[in-house]
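Listed here are the chains, written in short residue letters.
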Amino acid sequence: MSTAQATRDKPPVVVPGSGNNIIINPNQRLNPLLECIRNVGKQFGEIVPDFQVGRTTCVLYLSLKYHRLHPEYIHARIEKLGHAFNLRILLIMCDVSEHQDPIRELTKTCLINNITIIVAWSLDEAGHYLSTFKQFEHKPPDLIKERAEKDYDSVLRAALTSINKVNKTDVETLRTSVGLTTLCPNGTQSFADIARTPSDQLLALPGFGQVKVRRIKDALERPFKNKA
Amino acid sequence: MDNLLPFQASILKEIHDPATSELIVLARGLGLRRILCTLMKIYDSPRSLVLLVNASPEEESAIGELLGIMGCRNPGLRIVGYEMGKRDRQDLYRKGGLISVTSRILVVDMLQSDIPTELITGIVMVHGEKVTNLSLEAFIVRLYREKNTSGFLKAFSDQPEHITSGMSPLRSIMKEMQLRKVHIYPRYHEEIKENLDQRRPDLIELATDLTEPMKDIHSAIVQCMITTLAELKRSHSTLDLDDVNIDNAHFRWFDAIVRRQLDPVWHKVGPKTKQLVGDLATLRRLLSYLVTYDALAFHAYLETLVLSNTTNASGNARQNQSPWMLTDAANIIFKTAKRRCYVLTSKHTLASQPEVIDVDDEDAWAALDEAEGFTPQIGTTNGRGTEPKRPRWLPDGIDPVLEELPKWTVLADILQEIEEEIIRQETLTNFKPPTIGSNTVLIMTSSARSAELISEFLSDMDASAPRGRMGKKMMERKLRRYLWWKGRLAADKRGSSSLENTSSQPQGRKQDNGSGQVSEALARKDKSKADRSANRRRLRGGAPTVAPTRTEATRTGTTGTGDDADTIAAFMATQTGTADADAGADIDQDLLMAQMLSQLDTEYDDVFGLVAPEQTVLVRTYADDGDEQVLAELQPRFFIMYEPSTDFLRQIEVYRNSNPGLGVRAYIMTYHNSTEEQKYLTAQRREKEAFERLIRERGSMLLPIYESRQPVGKGHAMIKTISSRAAGGRTELSTAPSQVIVDMREFRSTLPSLLHAAGQLVVPATLTVGDYILTPDICVERKSIPDLVQSFNSGRLYTQCELMSVHYKQPILLIEFEENKSFSLEAISETTKTYAKPSGKYPTKKPAAGASSAAADAGDPRVGPTIQSKLVLLTLHFPRVRIIWSSSPFATADIFADLKMNLPEPDPSKAILVGAEDQGASGSQGGQGDGVNAAAEELLQCLPGINAKNVQYVMGRVGSVRELCDMDRKDVQTLLGVEPGNACYDFMHRGERKKKAVS
């Protein structure tokens, strides 16, 4: 990981940060991780961090096994990094079973140095992280934002299964049977209908016991807050 | 009321001393509640403060009631729930007496010193077996012992089976409760045995055989379980599943065992394995439903299962179905279950009629009649004549079989016998009316469902009918309801395909036609047609308007083998409007009637004319300790245990011995060679083994000595915080102890307890932003793995990170794995595939993403983004958010302590205000809003239009979810804003338009 000093004297091959390739520090040349970076271009370049995956994003890579042998290595690297880059990632490869202490210690260090930790458990996963960082460089956050429109069934399912003990089958039962037990059989099984169904009718549904019904009723009918 | 049996009295004598603390393990059914209440009554006084901890709401009220009966009612047991305000609670604690508190509230009150911990006289804790080092109760004990060493702690447990975890389970429980003494009372305890064997109740065990179809289903389910298990073992050859064999299948926690075995690698197992484990649970449930549900309900449940299994969240066909559903055995299950309800005949298949089993002649004749061209007679409304005609509502091609549960017949026999016995006793020459005991017959069942079923059966029973047909009337009613349900289900299924296409429309037209690719013009035409027939349609309960044309296709297509759902739906649709409306009204009446029937006693005289009104039959469910009171009140002499239960049997023994002059007879009904029998026997064996283990452990236990813990803030732990700003290099102790501000809602998790154990001062508060505040700058949002997946999907995490970034310098996302489970995200990438968003959105996005050279995702684009990808996206958009990876809550506590080192302490009053100012009404409540209905809040956040930002506001304005449902569109809009309000309202009231039209 700290090899390949030969390229040191040569002029930089590219202007770092432009283009669509991940720029790799030549000292990572022998890292098997490189094989696992897929779907994205790779090139070597004279950079301070190990990987540069975006104009303002850099990654330091650390295997915990290596860390165990050379605990000072990562501190030197972090120091060298200085204050460059906006998003600084420490990609930790968790390949030891005694991970608790090193991770705790690294968490503290990274917090002080404004570095975000990502833990990977396999080379594939680590490679996936690196390529995703590059691919998502300009991606809008829609994927993780609240979506305005969603189809009715899945929202209903998500809402009802948020109640402890209620599973998908129960949602199906509620959806199809509640209208049947209310006194207006032509009514349908809207969310409001379900909310209005009294407990004894819920109890009559297949798969519904007292505990489940109580949970449902607790969620739907008991007040949000105390009146204090 | 203090008529305790000698052994109960001597237990009480052992434990009543308020100076000692101990754990009492008692076998179930021996009157634990009575002992508990007598004990609490002894302590009841305004000058003492005794807390009841860890009782469920039902237990709380039942214990309160029993205490009231015992004469302890001024003021008796007070119950503290989250509805009670902080001030009221403080008042209540100060006044003393017996108080039952929810653990979560008690922890918070102890931490905030709302309760004078040092003045607590003692704590009575039930369900002692559930206390672990992670549970809130252990936290309570720690807080209690910190300030109060003189008070007592009496822990009770009646479930020795649960004290099994770890090397020395008993010791670890006692360690958590800081107890040194344990009393163990199994049923075979000498004194108990001596007491109870004096007078034995008259026991009659009746084993009933399952019917042939039930046997078939039973063995098929077991077959499915074997297959599933084999599959599981094959995919996890490394796993030690040897002791998981099918013999254990009858055992209650079978799937839980498998689950526990898989836990350490749970995140690595694929969705297929998860499905298999889930299937095991489903199959086990089916086994028990087979003997408790009536044939129709069982069949209906199976159908729901299939339906929810074949379609995924978006209504498309699901990729990986449960493997057992595709086996031959499953086919037997479905086929036989259906055949227990009805058989499909049609003109073509009628020749093969004889293969139908168990159809009585009348039905066969009716079918024949029909085959020869008879139309069902409209005149006989209910088909209730002496010569049963086909009921008018019955669709063509369906012959009811309506197999009854064999126990019903036996039950009728027993009742007959009891009746004769009563008469015999009364006609004895030297008969004098019994001074105690009534002729009430108490029928005990294991679930409310079967209780209701039995009462329905008994009220409608036709005693003169041949065996096995006694409940025909009831079954026919059920069949009718079932068919109606079925029709709607099918209609719904057909409608759902069209829903997919229209879901983008705000109004979400449910009344759309079956085919999605109807052109615009056609759709308009159909709509006008639909409007014209609106009158008819609304009577028809949502059957699609195009049904008649499709009917022909389905009719010809399904000759007995096809999807009968369609057939029935089609039938329902082809019914003329009037007849259907009629049926609807009839069903209404049926429902009303069913409700009335629950008031059994009034109906009873008709059936049992010979029995005087006060000598009634009562159907109840087993209610553990609650049964005791029922027995005392009713004083019955005859018991029928519809399902065997050791606990209740013991209760009868106790009851028999506390009422010396009373002759008691108990009938126990079981199905021969069924799960029920197995379960009963296994339960008995397990309890015995558990007690033996406990007694052995007690004999060899090393008793821990508990050092009294220094209250936090005085020990050396606080020297952590050293101010370096003092002049002259002089170090000075900061006066504030090391503290962490914790959101109220987080007290459901184990972390606060562990933080406290690690020497932090835990300050509960209602936080708008973040879960834990470590320093004035560091704010932590905790996410367990399922939480993480869920809040990525819902977008809640994005909002939370947004809020944290705005208000704190160092926002932190804590990803917390579970102790003993694998510390790895790897498999999550696999599981998220099942959580993948419905295709609706993704394809439209993809070309754009592809154009900008960044392929949408590394993997297969249809799979959807993995959790890792989402994490990447999150860090890219919030470069300031740090991530803590913690392998367990214990590790988290360490990391927190580490992070806090040398940094100033947070200020609770400031933390509460953060982010609260823009919440409007709820902000003013911030300080004391600890009473939040967490389940309701979670549900609320799932609704469209409501997000992490406005949820507090909504909760401040609206009482409950129910209330929100009752609001009209305008109000919802003013609450949430026009767009989100619309979305929310449409969601809640989707598909209700028809009802509006009717009313």
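Residues numbered from 1 in each chain as written. Chains lettered and ligands numbered in written order. Predicted model: local features only at pLDDT ≥ 70, side-chain atom pairs only at ≥ 80, totals over all residues. Heavy atoms only, no water.

A. Looking closely at the overall build of chain A. When helices and strands are tallied, chain A shows nine helices and six strands. Buried positions account for 58% of the 228 residues belonging to chain A. Summarising the internal contacts of chain A: among those between residues at least 6 apart in sequence, 61% fall at separations of at least 24. Summed over its atoms, the accessible surface of chain A is roughly 9,400 Å², and 54% of this surface lies on carbon and sulfur atoms. (Helix = DSSP H or I, 4+ residues; strand = E, 2+ residues; numbered from the N terminus. Buried < 20%, exposed > 50% of the residue type's maximum accessible area, 1.4 Å probe, protein only. Contact = heavy atoms within 4.5 Å. Areas by Shrake-Rupley, 256 points an atom, 1.4 Å probe, with all protein chains shown as cover.)

B. Main features of the overall build of chain B. Assigned secondary structure in chain B consists of 40 helices and 22 strands. Here chain B holds 999 residues, and 56% of them are scored as buried. For chain B, contacts bridging at least 24 residues in sequence account for 74% of all contacts bridging at least 6.

C. Structural context of the sheet that holds strand β3 (residues 51–52) of chain A. Across the sheet, which stays open at both edges, the six strands sit in the order β2-β1-β3-β4-β5-β6 (chain A) with mixed pairing between neighbours. Single-partner strands in this sheet number two, and they are β2 (41–44) and β6 (116–120) of chain A. (Pairing = 2+ DSSP bridges.)

D. The pairing of strand β4 (residues 97–101) of chain B, seen in detail. Residue and element names in this part refer to chain B. Of all five residues in β4, five are buried, a share of seventy percent or more. Strand direction decides the pairing type here: strand β2 (residues 49–53) and β4, joined by five bridges, are parallel. The partner of V53 across the bridge, within β4, is V101. The pairing of strand β3 (residues 77–80) with β4 spans four bridges and is classified as parallel. Paired with R78 across the two strands is I99, which belongs to β4. Viewed along the sheet, the connection from β3 through helix α4 (residues 86–95) into β4 turns out right-handed. (Right-handed = clockwise from strand over helix to strand, strands pointing away.)

E. Spatial organisation of the sheet that holds strand β11 (residues 438–445) of chain B. Residues and elements named next belong to chain B. Spatially, β8-β14-β13-β11-β12 is the arrangement adopted by the five strands of the open sheet, whose pairing is parallel. Edge positions in the open sheet fall to β8 (202–208) and β12 (617–621), since each of these has one partner strand only. Looking at each pair of strands side by side, their axes are set apart by 20 degrees on average, direction ignored. Across four bridges, the pairing between strand β13 (residues 636–641) and strand β14 (residues 665–671) is parallel. Each bridged residue has a counterpart across the sheet, and for F638 the counterpart in β14 is R665. (Axes fitted to C-alpha atoms, helices over the stretch in contact; angles between N-to-C directions.)

F. Layout of the environment of A451 of chain B. All names here are of chain B. One can find A451 in helix α16 (residues 448–460). As a C-alpha pair, A451 and Y622 span 171 residues in sequence and 9.9 Å in three-dimensional space. Not counting residues up to four positions away in its chain, the partners in contact with A451 are T445, V619 and T621.

G. Focus on the confidence of the model for chain A. Residue and element names in this part refer to chain A. On average, residues of chain A score 80 in pLDDT, and 83% of them reach the 70 mark or higher. Contacts from residues 1–9, a stretch scored under 50 in pLDDT, to residues over four places away or in other chains number twelve contacts. Scored below 50 in pLDDT, residues 181–187 makes 22 contacts in the model with residues more than four places away or belonging to other chains. (pLDDT = per-residue confidence, 0-100.)

H. Representation of the environment of P400 of chain B. Residue placement: P400 of chain B occurs in strand β10 (residues 398–400). For the pair P400 of chain B and L479 of chain B, spaced 79 residues apart in the sequence, the C-alpha separation amounts to 8.0 Å.

I. Focus on helix α12 (residues 295–310) of chain B. The first and last C-alpha atoms of α12 of chain B sit 23 Å apart over 16 residues, in line with the 22 Å expected at 1.5 Å per residue. In terms of residue burial, α12 of chain B counts as a mostly covered element, since 14 of its 16 residues are buried. (Expected span 1.5 Å × (residues − 1).)

J. View of the side chain of D647 of chain B. Residues and elements named next belong to chain B. Inspection of the secondary structure puts D647 in helix α25 (residues 646–658). Within polar-contact distance, the side chain of D647 engages the side chain of R28 at 3.1 Å. Among all residues touching D647, those that are not within four sequence positions of it are R28, G29 and D624. (Polar contact = N/O pair within 3.5 Å; in protein donor to acceptor, adjacent residues only side chain to side chain.)

K. Quick peek at α4 of chain B. Residue and element names in this part refer to chain B. Burial in α4 covers these residues: K86, R89, Q90, L92 and Y93. Across the axial projection of α4, the buried residues extend over an arc of 165 degrees, all falling on one side. Summarising the geometry of α4, the exposed residues directed more than 90 degrees from the buried face are R87, R94 and K95. Buried positions along α4 lie against β2, β3, β4 and α5 (103–111). (Arc of directions from axis to C-beta.)

L. Molecular detail of the packing of aromatic side chains. Inspection of every chain in the model, using the stated rule, returns 15 aromatic pairs over all chains. Note on W121 of chain A and W885 of chain B: the rings are 5.8 Å apart at their centroids and 65 degrees apart in plane angle, and the pair reads as edge-to-face. Taken as a pair, W121 of chain A in the loop between β6 and α4 (123–135) and W885 of chain B in strand β22 (residues 882–886) lie in two separate chains rather than in one. Residue class for W121 of chain A comes out buried when judged on its relative accessible area of 13%. (Phe/Tyr/Trp six-rings, centres within 6.5 Å; stacked < 30°, edge-to-face > 60°.)

M. Region of interest: unusual backbone geometry. Residues and elements named next belong to chain B. At N54, a residue that is not glycine, the phi angle is positive and equals roughly 75 degrees. Its place among the elements puts N54 in the loop between β2 and α3 (57–69). The class for N54 is buried, based on a relative accessible area of 17%. Residues other than glycine seldom take positive phi values, yet S113 does so here, at roughly 55 degrees. Position of S113 among the secondary structure elements: in the loop between α5 and β5 (122–125). The class for S113 is partly exposed, based on a relative accessible area of 47%.

N. Summary view of the pattern of salt bridges. According to the stated counting rule, one finds 41 salt bridges over all chains in the structure shown. E58 of chain B is the salt-bridge partner of R214 of chain A, the closest N and O atoms lying 2.3 Å from each other. Placement of R214 of chain A in helix α9 (residues 210–221) and of E58 of chain B in helix α3 is noted, with the two residues assigned to different chains. Within this structure, R196, K217 and E221 of chain A together with R962 and D966 of chain B form a network of salt bridges that share partners. (Salt bridge = Lys/Arg side-chain N within 4 Å of Asp/Glu carboxyl O.)

O. Layout of the state of the cysteines. Residue and element names in this part refer to chain B. What the rule picks out here adds up to zero disulfides over all chains. Here C779 is not disulfide-linked; the sulfur of C801 is the nearest cysteine sulfur, at 9.6 Å. With a relative accessible area of 0%, C779 lands in the buried category. (Disulfide = S-S within 2.5 Å.)

P. Layout of the nonpolar core. Residue and element names in this part refer to chain B. Within the largest apolar cluster, 97 residues are counted, with the highest numbers of intra-cluster contacts made by L23, M40, L51, M177 and F896. Viewed by domain, this core spans two of them, domain 1 (6–196) and domain 4 (729–831 + 855–913), each represented by three or more residues. Judged by nonpolar contacts, the second largest core, of 66 residues, contains F298, M325, L394 and Y671. (Core = buried A, V, L, I, M, F, W, Y, C linked by side-chain atoms within 4.5 Å. Domains from an automatic or database assignment.)

Q. Structural view of the pairing of strand β4 (residues 57–63) of chain A. All names here are of chain A. Burial analysis of β4 places seven of its seven residues in the buried class, which makes it a mostly covered element. Burial along β4 is two-sided: the face carrying T57, V59, Y61 and S63 and the face carrying C58, L60 and L62 are both buried. Two elements, β3 and β4, share two bridges in a ladder whose sense is antiparallel. The residue bridging Q52 from the neighbouring strand is C58, located in β4. In this structure, the hairpin formed by β3 and β4 is closed by a connection of four residues. The pairing of β4 with strand β5 (residues 87–93) spans seven bridges and is parallel. Each residue of the ladder has a partner; that of Y61, found in β5, is L91.

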